[in-house]
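# Examining the three-dimensional arrangement
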Amino acid sequence: ENVITRQGIRSNIGRVLSGGTAINQGIIIAEEVNGDYFDFLETEFGTVFDRTLLQEAYDYVQAGMSESPALDSQTSNGGQFPMPLDKLGEGFDAIGGFENGGFTHRFTVEENSWWRTFSAFNLSINEFPKKEQGFRQASDFFINFEEPNLTIKTKSTVLKVEFDTSGETPEAKCVVWKDSPELDEVDKLFEFSQDPFRPPAERAIDEITRQKLASWIYLLDQKGIIPDTTIGAGPLPDATWPVDMMPDMMNPMGEEEDDKDGTKQKNAITDFAKFVGMTNIPTFERIDFPGSLGVGETRFLPTIEQLAKSNQGRDFLRRLSTTVGDKLKSRYKACLSNAPHAKVIMSAGAVYTPAILYKSGVGPEDLIKQYGYDLVADSPYLGKNLHDRPLLPISMFMREEFRDKVNANEFLVSKFPILRPTSSEVAGFSSKGSDCSAFSGMGYEGEDCAYVAIEENSFGHLTAGVLFQSRFYLPISLRNTHAADLLQSFVRTCSPTSDEARSRKLCDTVNWGLLLSCIERGVGWAFFVPVPYSRGTIELNESGDVKVNPNYYEDPRDRRSAIEGIRTLANLIFNAEKDPEFLATMETVADLRERPKEACPYGLFNGLLGGVREFSRVLALQADGNVRVDLDNINEVVKSYFEDPEQLSPNAKPTNKGRSDNAAERLTLFPELPSDEILFDDDEKTLNFVASYATSIWHFAGTARMGGDNDIEAVVNNNFSFKGVDKLAVVDASLLAQLTRMNPAINVQAIARYAGLVLVDEATP
């Protein structure tokens, strides 16, 4: 599920059993049970674990994980030429601060080191004794399905927890849920950015745009251009867009001085309806929208009521199930037994655990009353202490001929038809800054030194996942607009890999072969803020939607970590650029200048630019003025990548401080790094660069933090019981007063196993 933070960053949470990053990448980096992290939690926050039992939990979880082979030169091409993993490892050794590294698998994080990680996916080339290749060992891997004692409700959304308030202390009693809404035809085609921070008047545009898109799809549906997804995608009709209609379709309809009564707009829609073969052309009533919405004062569109007047329209509306049917969905309830230790256990994550409890009447009293719920229990620190990690990947691209040499390797070709993705198979963790002599780890309060974490995600479709899900290729101001939604939908809908490919006439401008090739050849080296100190909140808006505010970079220590992170990453890239043999395998700035339309990142963004052009043309009928303006802005942003790739950030020309003046000796990067003068001498501009392109690594934590009984800020005690409420427990990343120093997945799983052991022991006579 997409989550939009107050800063406009697009993050995600897993609305599935396995949850979070265990679904996507499954990077396994554990904290030492008797190491600095758990010592810090105990000393700083009073979070106490039985370390012997916790070690047992870690051992249990680790037993299900896999070693995955690094895609280095030896495994991929017999040592003929260097691979990105080789250069990253060499770079760690060369720049200093990562002295104890090597291509050695390690489960646990180690300071001032680099290593190869384990994975929740079995990616081993060789036979692996536990599970077949590619098996995902996430949370449901640990369920014993041979002795079922767990009922899993799929396609269900929890609404609230009900409490018995008749006694002195409220008791959790039941869980209420409903069927999750099925995606309707509009949702299947288009992604909507429902930004909870926008005021209600602006959010009304969402519904208006939905209606316009529904009308547009209705028109296309009559000709069969959009096949009925209930019976699968059928053959597409041989139709072409009428050239003589294009000028009318490209003009803003209903807003021109010579078309104030909407005649021009009605005629264009009617002509288009005839073209797509509609036998019963719907009537179009005048719809006046408030000028404050910014969508134009006049539109002539078929309303839901108008569509319902025809058999075709009613059939279409039936498939728009959530438009009319969601309110009729049934609600269900599951209640605790009378067993003395029966509990409701919240595991909805750091975002939705507090949100669900708010709607249940539990949380800060002022917020519960503000939201209009009956107060069950005042928990003043629930929903506070939210933190997440900013992430900034820098991409480079392997040349096609070297990609082909890797794929031709007999050792790999039978297993991996494309370049095997590498998911943080090499990671580094260190402290960096102007003076780290007094640096003392997680509790350090100085601003001259900070932790830095470096990981890589390369090849396969990992680049596409990060690129399109986060939209970090666009400025933050444009990432969550309807225009960006349309563009994202275009890329997804038109991709040859899509099972529901739509009208190819909308997709003809895109060189999909080059687009997918660039995605497959993408090499991503990234840094993130490993120990975030900035704290935010989880709240609700007027509609009950969750508002996520991590307050990225609020704490100066996070700003220092971000600045040192991008500088460390730049030094790793500069070190790789010093190797002529490695440069020969990768696309350079010289390639981009000599053959821009054949090089990456042109291949990636050509698809976006083609999408902008097509949407600007054929959706002008339905797109309101704001969408067209945003499409124009996106068009300018994407064009800038091609016109001068070295000017993606201010003063991006190299100054010989770290990079060569020779274009053939500089890797093609996205985003391009700032100039050395900015990167190494100007903290403020460097931080602005990071904030402009960074996204989230999806590591939300801390909103129901765990601590001692006497700690007033602790929401949950050290036995996982919710303070001030009986028969309610929390077991998820909400508990963590401070995130683990690297990827949290296996640590959260181990703590969950530990919680299970504790709760079972508590319930055993």
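Bear in mind the structure is a predicted one, so any value in this text is a computation, not a measurement.

The helix and strand tally for the protein stands at 28 helices and 22 strands. Relative to its full complement of 765 residues, the protein shows a buried share of 58%. Of the contacts made within the protein by residues no fewer than 6 positions apart, 71% connect residues no fewer than 24 positions apart. Split by element, the accessible area of the protein, about 31,500 Å² in all, is 49% carbon and sulfur.

The subject of this paragraph is the packing of helix H2 (residues 36-45) against helix H3 (residues 51-62). At a closest axis distance of 13 Å, the pairing of H2 and H3 adopts a crossing angle of 140 degrees. Our classification of the angle between H2 and H3 gives oblique. Pair H2 / H3 crosses with right-handed handedness. Across the interface between the two elements, Phe38, Asp39 and Glu42 of H2 pack against Arg51, Leu54 and Tyr58 of H3. Of the residues that constitute the contact of H2 with H3, the class distribution is 3 nonpolar, no polar and 3 charged.

If you walk through the whole model with that rule in mind, you get 3 disulfides. Between the sulfur atoms of Cys436 and its disulfide mate Cys449 the distance is 1.9 Å. Judged by the sign of its S-S torsion, about 95 degrees, the cystine formed by Cys436 and Cys449 is right-handed. A residue pair is termed long-range when its members are at least 10 positions apart, and Cys436 in the loop between strand S16 (422-433) and strand S17 (449-458) and Cys449 in strand S17 qualify at 13 residues. Its relative accessible area of 3% is what places Cys449 among the buried residues. Here Cys518 pairs with Cys600 through a disulfide, and the sulfurs are 1.9 Å apart. Judged by the sign of its S-S torsion, about -90 degrees, the bond between Cys518 and Cys600 is left-handed. Note that Cys518 is positioned in helix H20 (residues 512-520) and Cys600 in the loop between helix H23 (589-594) and helix H24 (602-618), a separation of 82 residues in sequence.

Another aspect to go through is the sheet that holds strand S15 (residues 390-397). Taken in spatial order, the 6 strands make up an open sheet running S5-S16-S17-S18-S15-S21, and their pairing is antiparallel. One side of each edge strand has no neighbouring strand; the edge strands of this open sheet are strand S5 (113-116) and strand S21 (695-696). Judged from the 6 bridges that link them, S17 and strand S18 (residues 522-528) form a sheet pairing that is antiparallel. Looking across to S18, one finds that Asn457 is bridged to Gly524. In this fold helix H5 (residues 84-95) packs onto S5, S16, S17 and S18, with an angle of close to 15 degrees to the strand it touches most, S16.

We now examine the pairing of strand S7 (residues 156-164). In this structure, S7 lies alongside strand S8 (residues 171-179), joined through 8 bridges in antiparallel fashion. Considered in S8, the bridge of Val158 is made with Trp177. Joining the antiparallel neighbours S7 and S8 is a turn of 6 residues.

Attention now goes to the sheet that holds strand S3 (residues 27-28). One open sheet holds the 3 strands; their spatial order is S3-S6-S4, and the pairing between them is antiparallel. This sheet does not close on itself; its edge strands, each paired only once, are S3 and strand S4 (66-67). Of the pairings in the sheet, the one linking S4 to strand S6 (residues 118-119) comprises 2 bridges and is antiparallel in character. Its bridge partner lying in S6, Glu67 is registered against Phe118.

Where helix H21 (residues 556-577) contacts helix H27 (residues 683-693), the axes come no closer than 9 Å and their chain directions differ by 85 degrees. Considering their axes alone, H21 and H27 lie roughly perpendicular with respect to each other. Where H21 approaches H27, its residues Arg559, Arg560, Ala562, Ile563, Ile566 and Arg567 are matched on the opposing element by Asp683, Thr686, Leu687, Phe689 and Val690. A class-by-class count of the residues in the contact of H21 with H27 yields 6 nonpolar, 1 polar and 4 charged.

Below, the discussion takes up helix H28 (residues 745-763). With 19 residues, H28 should cover 27 Å at 1.5 Å per step; its first-to-last C-alpha distance of 27 Å lies within 8% of that length. Of all the positions in H28, only Ala745, Ile746, Asn747, Gln749, Ala750, Ile751, Tyr754, Ala755, Val758 and Leu759 are classed as buried.

Looking now at a nonpolar patch on the surface. Nonpolar side chains collect at one region of the surface, where Phe145, Leu150 and Ile152 lie side by side and expose about 310 Å² of accessible area between them. Inspection of the secondary structure puts Ile152 in the loop between S6 and S7. Given the relative accessible area of 38%, Ile152 is considered partly exposed.

The subject of this paragraph is the pairing of S8. Pairing analysis gives 5 bridges linking S8 to strand S11 (residues 331-335), with the strands arranged antiparallel. Looking at S11, one finds that Val176 is bridged to Lys333.

Moving on to the nonpolar core. Ile566, Ile573, Phe720 and Phe722 are the most contacted members of the largest nonpolar core, which has 129 residues in total. With 9 residues, the top contributor of residues to this core is H21. The contact partners of Phe720, leaving out residues within four places of it in the chain, are Phe49, Met706, Leu728, Ala729, Val730, Val731, Leu735, Ile751, Tyr754, Ala755 and Val758. Judged by nonpolar contacts, the second largest core, of 15 residues, contains Phe468, Ala484, Leu515 and Val637.

So, on to the pattern of salt bridges. Where charged atoms from two side chains of opposite charge come close, those side chains can pair. One pass over the structure, following the stated rule, counts 20 salt bridges. Between Glu400 and Arg403 there is a salt bridge, with its nearest N and O atoms 3.3 Å apart. Here Arg403 and Glu400 lie together in helix H15 (residues 400-407), a separation of 3 residues that amounts to about one turn. For Glu400, a relative accessible area of 34% puts it in the partly exposed group. Arg403 sits in the buried class, given a relative accessible area of 9%. Close ionic contact of Arg705 with Asp711 constitutes a salt bridge, the shortest N to O distance being 2.9 Å.

Here the structure, examined in full by the defined rule, presents 19 aromatic pairs. With 6.4 Å between their ring centres and 85 degrees between their planes, Phe670 and Tyr693 make a pair best called edge-to-face. Here Phe670, found in the loop between helix H25 (625-643) and helix H26 (676-681), pairs with Tyr693, found in helix H27; they are 23 residues apart in sequence, far enough to count as distant. Accessibility classification places Phe670 together with Tyr693 in one group, the buried group. Clustering of aromatic rings is evident, with ring pairs tying together Tyr37, Phe38, Phe49, Tyr58, Phe720 and Tyr754. One cation-aromatic arrangement involves Arg557 over Tyr533; the distance from NZ or CZ to the ring centre is 3.7 Å. The aromatic ring of Tyr60 is capped on one face by Arg753, whose charged end is 3.7 Å from the ring centroid.

Cut-off values and rules
Every chain is numbered independently, its residues counted from 1 as its sequence is written. With the structure being a predicted model, the display of local features is reserved for residues of pLDDT at least 70 and the display and counting of side-chain atom pairs for 80 or more, all residues being used for whole-chain, interface and lining totals. Just so you know, side-chain values use all the structure's heavy atoms and leave hydrogens and water out. A run of H or I in DSSP counts as a helix once it spans at least four residues, and a run of E counts as a strand once it spans at least two, with each numbered from the N terminus. Buried means the residue's accessible area, taken with a 1.4 Å probe over protein chains only, is under 20% of the maximum for its type, while exposed means over 50%, and partly exposed covers the values in between. In this analysis, two residues are considered to be in contact whenever any of their non-hydrogen atoms come within 4.5 Å of each other. Note on areas: Shrake-Rupley with a 1.4 Å probe; residue coverage comes only from the protein chains shown. In this analysis an axis means a line fitted to C-alpha atoms, helices contributing only their contacting stretch, and an angle means the value between N-to-C directions, from 0 to 180 degrees. Should an angle lie under 35 degrees it is considered roughly parallel, over 145 roughly antiparallel, and from 65 to 115 roughly perpendicular; all remaining angles are considered oblique. Take the far helix as your reference; a near helix turned counterclockwise from it by less than a right angle gives a left-handed crossing, and one turned clockwise gives a right-handed crossing. Three classes are used, and their members are as follows: Ala, Val, Leu, Ile, Met, Phe, Trp, Tyr, Cys and Pro are nonpolar, Asp, Glu, Lys and Arg are charged, and the others, Gly among them, are polar. Disulfides are defined in this document as cysteine sulfur pairs within 2.5 Å. Being paired, for any two strands, means DSSP has found at least two bridges between them. For a helix, the expected span equals 1.5 Å multiplied by the residue count minus one. Each patch is built from salt-bridge-free residues with over 30% relative accessible area, joining like charges within 9 Å and nonpolar side chains (Val, Leu, Ile, Met, Phe, Trp, Tyr) within 5 Å. The term salt bridge refers to a pairing of a side-chain nitrogen on Lys or Arg with a carboxyl oxygen on Asp or Glu at a separation within 4 Å. Among buried residues, those of type Ala, Val, Leu, Ile, Met, Phe, Trp, Tyr and Cys that are joined through side-chain atoms within 4.5 Å constitute a nonpolar core. Each pair of aromatic rings taken from Phe, Tyr and Trp, with Trp reduced to its six-membered ring, is defined by centres within 6.5 Å and is described as stacked if the planes are under 30 degrees apart, edge-to-face if over 60, and tilted in the remaining cases. Any Lys NZ or Arg CZ found within 6 Å of a ring centre and within 35 degrees of that ring's normal is scored as a charge over the ring.

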